[in-house]
Amino acid sequence: MTSAPDPSPRPIRVPLTQLRRGQRAIVHCDAIDGLPEGDRCLLHAMGMHDECHIRVCSPGTPCIVQIDSTRLGLSADVAGRILVTPIDDAGVAGTRAP
Amino acid sequence: MTAPRSMPRIAVLGNPNTGKTTLFNRLCGVRARTANFPGSTVEGRVGVHRSPAGDAELELVDLPGCYSLSIDFPESQVCRDCLDGGIDGVEPDAMLVVVDATNLRRNLQFAAQALTRRLPAVVALNMWDAASTRADRVDPAALARGLGCPVVPVSARTGEGLPALDVALDTVSGLPFGPDALVARLQKLPPADAPAPALAAWADTVVRQSMAAPGVAPEPRRDALVDRVDVALTHPFLGIAVFAVTMAALFSAIFMVASVPMDLIDLVFGTLTERVHAVLPEGILADLLADGILAGIGGVVIFLPQICLLFFLLSLLEDSGYLARAAFAVDRIMRRFGLSGPSFIPLLSSHACALPGIMSTRLIRDDRERLATILVAPFMTCSARLPVYVLLIGILSVGRPAWFAGVAFTACYALGAGAGLVSALIARRTILRGPARPLVMELPPYRIPGLRNALLVTWDRARVFLRNAGTTILAISVVMWWLSAFPRATEADDRTQQAASFAGQLGEAVQPAFAPLGFDSQLTVGVMTSFLAREVFVSTMAILAGTGADADLGDETVLQQVAAMPRADGAPVFDPPTAAAALVFFVLAMQCLPTLAVTRRETGSWKWPAIQLGWMTVVAYAGAWIAHATVAAFTGGGA
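Throughout, a residue's number is its position along its own chain's written sequence, starting from 1. For this description, chains carry letters from A and ligands carry numbers from 1, given in the order in which they are written. Reporting in this predicted model follows two pLDDT cut-offs: at least 70 for local features of residues, and 80 or more for side-chain atom pairs to be given and counted; totals over whole chains, interfaces and linings ignore these cut-offs and use all residues. Note that water and hydrogens are dropped before the side-chain values are worked out from all heavy atoms of the structure.

Secondary structure follows DSSP: runs of H or I at least 4 residues long count as helices, runs of E at least 2 residues long count as strands, and numbering of each begins at the N terminus. The number of helices and strands found in chain B is 27 helices and eight strands. Looking at chain B residue by residue over its 639 residues, the buried ones come to 54%. Note on definitions: a residue-residue contact is assigned when non-hydrogen atoms from the two residues lie within 4.5 Å. Considering only contacts within chain B whose residues lie at least 6 apart along the sequence, 72% involve residues at least 24 apart. We get accessible surface area from the Shrake-Rupley algorithm with a probe of 1.4 Å; when it comes to residues, only the shown protein chains can shield them. A total accessible area of about 26,300 Å² is found for chain B, and carbon and sulfur atoms account for 64% of it. Throughout, exposure labels follow a simple rule: accessible area from a 1.4 Å probe, protein chains only, divided by the maximum for the residue type, with under 20% read as buried, over 50% as exposed, and the rest as partly exposed.

Pasting the structure below:
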């Protein structure tokens, strides 16, 4: 017996480094790996927790993102490990077909 | 740290960049001192706050800014220890939690962690001058209900709200805080071990319920201008160019402005030395006072104007928000050498003097990266090297085009910085192996820096500098004076005394080791006596050339006499290969005992200063040998 495929579209997940300036996104902290535990905890304490909204102030590597009223500078090795789902101005997440 | 228990102790804590230290400075003024927390390299400050009426005193402990009380970073550990009474066995009587009113949601997450402690607390809603004009401002009374403790809106920058904060601190520090009070507060807070998303959700709810204008949602600012400035200041090329210009202006200002008080200090100590010789009968006591103690103290104090200016200007740059951007911009370059952006400020400071540079490595979180930065900081060209450069480049420039001296000076700076970075890379791949820590740093908002705060920081740093370096160098000066003054020569002239002294004998004994660099015994004595402080080289060579210890490099005759110094066989001491070798040696060698002492203090072990001294000496010797051989090959000269 096989289960039926899930027909709902999946949110796109891309590395933070691929976002453009001004673009907004939702962070998936469950996907951050390869960072020391201390740095993961620091990111959380600085406001970058799961499902938080960010805005890209300066794209590329390294990059600057804004979380709430905090601007964070992230080196390439950190930004490249953070997966995000881009959202539009209305807060709707980008999706891809299943 | 010791706790005078005659007054209540208040722990001041909060996120970085909340204006916590500005508020502390505002409350304590000059009645504060820097303190090292036991078992940690983290620095904090302890001060006494007097109520405006002068009838009450509080001891404030300014804890290092941290993002969370639960993570395993030194600053978080220090905060936990202090709140638990683990610093000197005394718990604080109350907490002052400083939050940034313009960034409440994140700051409240830290406040929630702090407020779960069984201590009475006051929350200072700082930067209220900026927050109170926004549509999404909170109502402090509503926020106090949400947090279960008094909330006082203040502006550390302007002093607004400080009387109310006085009253609140006085009240909570005098009241008992029993289990019932804690339970009532805990009911309003998330659990102490709540995960980050739960803390964020709680903070969001509290902020929404505390809005001054009903229906207004808290909205982060999206400033397109700040975005553009950030892009420019952190750009790989433009950002570095802006940084280079800023640093050039900073160092020009330091060297230009500091020269006046430095000359004045030099004059004062020169006059004092003359007075000592005039008043006291000639002998050991007069020599000890004048050439040992006064020369030692003067040798340190003369750099104080540069140190003060450096910290003052760096404090202004830091408060403005620029310094964090500069560190971020150079992170890419530093990373290639096993370091990261936070290592850059200490290396930058070391261009004025390695002592404050090494002390400022406390900002670096990664222990190995911090050690690597400490080890290579003395490679940066400090102001004490400049007199030596002037002398040796002056000798090398004779008969050469006018641009030669400028190029040589620049090359010396580049050689020092390059050797430091390559040494850091070697250290990070061998004894301090490990990748550069990923850079995660907050870029604080751009602000107009406060002069009062910068002056208080400068005052505090100057005291630390004088205490740390002054005491060490004074003791060493006396020892070096003894080595150069004894045994007493039968003839009274300086040159004979230098040769007959223990230092002189040591120079003779060690000279064979320096022979491959072209150094004769006189130049070796110069190198040996300048082990204490490299600028001593100039006065030693002037004495050996027969011009006197108070030689002025502006005097052409001194330069010519030193340049024309003969070896025992009549050949010049400073032929081009030897002068080049000596220059490279002084660019790369340690030759600064106070730096070794500060390295010992900051690393807590003699192992690291020993490695630092050994490595720099090897690099300096190898570099000088290569310089000697290269110049000799081109000129056909060399001893």
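In this section: the interface of chain B and chain A. With 35 residues of chain B at the interface, the matching set in chain A holds 33 residues. With both sides pooled, the region where chain B packs onto chain A buries about 2,900 Å², and carbon together with sulfur makes up 57% of that total. Salt-bridge detection follows one rule: a side-chain nitrogen of Lys or Arg within 4 Å of a carboxyl oxygen of Asp or Glu. Along the contact surface separating chain B from chain A lie five salt bridges. Counting of polar contacts relies on pairs of N or O atoms within 3.5 Å, with two restrictions inside protein: one atom must be capable of donating a hydrogen and the other of accepting it, and residues adjacent in sequence are counted only when both atoms are side-chain atoms. One can count ten residue pairs in polar contact (both at pLDDT 80 or more) joining chain B with chain A. Among the secondary structure elements, those contributing two or more residues to the side of chain B that touches chain A are α3 (104–115), α8 (196–209), α9 (224–233), α13 (322–335) and β8 (440–442) of chain B. Sorting elements by how many residues they give to the side of chain B that touches chain A places α9 of chain B first, with six residues. For two strands to pair, DSSP has to find at least two bridges joining them. Bridge count for strand β6 (residues 70–74) of chain A against β8 of chain B is three bridges, and the pairing is antiparallel. Each residue of the ladder has a partner; that of leucine 74 of chain A, found in β8 of chain B, is valine 440 of chain B. Note on terms: buried area is the combined drop in 1.4 Å-probe accessible area of two parts once they are placed together, counting the loss on both.

Reading predicted coordinates in detail is not appropriate for stretches of low pLDDT. Residue and element names in this part refer to chain B. Confidence along chain B averages 84 in pLDDT terms, with 90% of residues attaining 70 or more. Every residue carries a pLDDT, the predictor's confidence in it, which falls somewhere between 0 and 100. Least confident of the elements in chain B is strand β2 (residues 32–36), whose mean pLDDT is 63; most confident is strand β7 (residues 151–153), at 96. In the predicted complex, the global pTM is 0.77; the interface-specific ipTM is 0.86.

Right, let's get into the sheet that holds β6 of chain A. What holds strands together in a sheet is hydrogen bonding between their backbones, with the strands either parallel or antiparallel. Read from one edge to the other, the open sheet built from seven strands follows the order β2(A)-β7(A)-β3(A)-β4(A)-β5(A)-β6(A)-β8(B), with strand pairing classed as antiparallel. Two strands close off the open sheet at either side, each with one partner strand: β2 (14–15) of chain A together with β8 of chain B. Against the sheet, α9 of chain B touches β4 (53–58), β5 (63–67) and β6 of chain A, its axis set at about 55° to β4 of chain A. For helices, the fitted axis covers only the stretch in contact; all axes are lines through C-alpha atoms, and the angles between them, taken along N-to-C directions, range from 0 to 180 degrees.

Before going further, it helps to spend a moment on the packing of aromatic side chains. Residue and element names in this part refer to chain B. Aromatic pairs are defined between Phe, Tyr and Trp rings, using the six-membered ring for Trp, whenever the two ring centres lie within 6.5 Å; interplanar angles under 30 degrees are classed as stacked, those over 60 as edge-to-face, and all others as tilted. For the coordinates displayed, the defined rule picks out ten aromatic pairs over all chains. Centre to centre, the rings of phenylalanine 243 and phenylalanine 344 are 4.6 Å apart; their planes meet at 65°, and the pair counts as edge-to-face. With phenylalanine 243 in helix α10 (residues 238–279) and phenylalanine 344 in helix α14 (residues 341–349), this pair connects stretches of sequence that are 101 residues apart. By the burial criterion, phenylalanine 243 is buried, and phenylalanine 344 matches it. Here phenylalanine 537 and phenylalanine 586 contribute two aromatic rings whose centre-to-centre distance is 4.5 Å and whose plane-to-plane angle is 50°, an arrangement assigned as tilted.

Overall, the coordinates contain 21 salt bridges over all chains when judged by the stated rule. For aspartate 77 of chain A, the salt bridge goes to arginine 335 of chain B, with nearest N and O atoms at 3.6 Å. On the criterion of chain membership, the pair formed by aspartate 77 of chain A in helix α2 (residues 76–79) and arginine 335 of chain B in helix α13 is interchain, its members lying in two chains. Judged by relative accessible area, which is 22%, arginine 335 of chain B ranks as partly exposed. Its salt-bridge partner being aspartate 84 of chain B, residue arginine 117 of chain B comes within 2.4 Å of it at the nearest N-O pair.

For the rest of this paragraph, the subject is the environment of leucine 439 of chain B. All names here are of chain B. By secondary structure assignment, the location of leucine 439 is in the loop between α18 (403–429) and β8. Residue leucine 439 is classed as buried on the basis of its relative accessible area of 4%. In sequence terms leucine 439 and serine 340 are 99 residues apart; their C-alpha atoms lie 7.1 Å from each other.

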